[in-house]
Amino acid sequence: MEYSHSDAELIEQPIGYWAWAAYKAVVTRTRGALAEKGTTQPQWWVLAQVARAERIKTRAEVSDILSGYLDTGDVVLAEEIDATIAHGWITEDAGGRLSLTAAGKDFFDEVALLQRELWAERHAGVSDEEYLTTLKVLQRFIHNTGGYAWHH
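Residues numbered from 1 in each chain as written. Predicted model: local features only at pLDDT ≥ 70, side-chain atom pairs only at ≥ 80, totals over all residues. Heavy atoms only, no water.

With respect to the packing of aromatic side chains
Alright, step 1. Summed over the entire model, instances satisfying the criterion amount to 6 aromatic pairs.
Alright, step 2. Their ring planes at 85° and their centres at 4.9 Å tell us that Tyr17 and Trp18 sit as a pair that is edge-to-face.
Alright, step 3. Note on Tyr17: relative accessible area 41%, which makes it partly exposed.
Alright, step 4. Owing to a relative accessible area of 34%, Trp18 belongs among the partly exposed residues under this scheme.
Alright, step 5. Measuring from ring centre to ring centre gives 5.2 Å for Trp44 and Phe108, while their planes differ by 10°; the resulting arrangement is stacked. With Trp44 in helix α3 (residues 41-51) and Phe108 in helix α6 (residues 102-123), the pair connects residues that are 64 residues apart, well separated along the chain. Phe108 shares its class with Trp44; the two are buried.
Alright, step 6. Taken together, the ring pairs in this structure connect Tyr17, Trp18 and Trp20 into an aromatic cluster. (Phe/Tyr/Trp six-rings, centres within 6.5 Å; stacked < 30°, edge-to-face > 60°. Buried < 20%, exposed > 50% of the residue type's maximum accessible area, 1.4 Å probe, protein only. Helix = DSSP H or I, 4+ residues; strand = E, 2+ residues; numbered from the N terminus.)

And the structure:
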């Protein structure tokens with residue numbers, strides 16, 4: 001790969017720009033691939049929370065977990081949960097408990113495979129050590145600037 005600048009020039013580059021550019025590239029690619037499958041990234045998050053749960057979660061629990069994801073917000077999450085129900089991928093009982101349907105399991109498996117492919121695409125040429133260092137550096141920047149980030 002050819003880098004945008006020499007090492008000496010890169011060391012002077014602004015982290016905010018490159019973190020934003022990486023975010024934009026990854027999210028755009030992910031959302032485009034999910035759209036081709038007929039879903040959105042927040043719908044995938046909802047589906048994954050329900051499909052991977054060790055115990056049945058309520059709408060409120062899923063919303064609480066996902067509330068910090070890319071500044072989605074409660075209104076959007078409610079709409080996306082409703083959309084996963086409308087697609088027939090999950091059901092909601094009178095107590096707000098969300099359960100995966102057979103169609104939801106099949107769709108989850110299909111999209112989980114896509115997510116693994118996207119992961120491999122993003123990580124091509126990046127060692128686990130480099131990835132770990134990158135995440136630790138980004139978390140240090142967040143901490144140093146008084147920010148907060150959390151991902152389950």
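Topic: α6
Residue pairs three or four apart in sequence face the same way in an α-helix, which turns once every 3.6 residues.
Alright, step 1. A rise of 1.5 Å per residue sets the reference length of α6, with its 22 residues, at 32 Å; its end C-alpha atoms lie 32 Å apart and thus fit the reference within 8%.
Alright, step 2. Structurally, α6 contributes buried residues whose contacts are with α2 (15-36), α3, β3 (97-100) and α7 (128-144).
Alright, step 3. Residue Gly125 follows α6 closely and has a positive phi angle near 80°. (Expected span 1.5 Å × (residues − 1). Contact = heavy atoms within 4.5 Å.)

Thoughts on the pattern of salt bridges
Note that side chains of opposite charge can pair when their charged atoms are close.
Alright, step 1. Evaluated as defined, the whole model comprises 7 salt bridges.
Alright, step 2. In this structure, Lys37 engages Glu110 in a salt bridge whose closest nitrogen and oxygen atoms are separated by 3.1 Å. Taken together, the positions of Lys37 in the loop between α2 and α3 and Glu110 in helix α6 put the pair 73 residues apart, joining distant regions of the chain.
Alright, step 3. Lys37 gets classed as partly exposed once you look at its relative accessible area, which sits at 33%. (Salt bridge = Lys/Arg side-chain N within 4 Å of Asp/Glu carboxyl O.)

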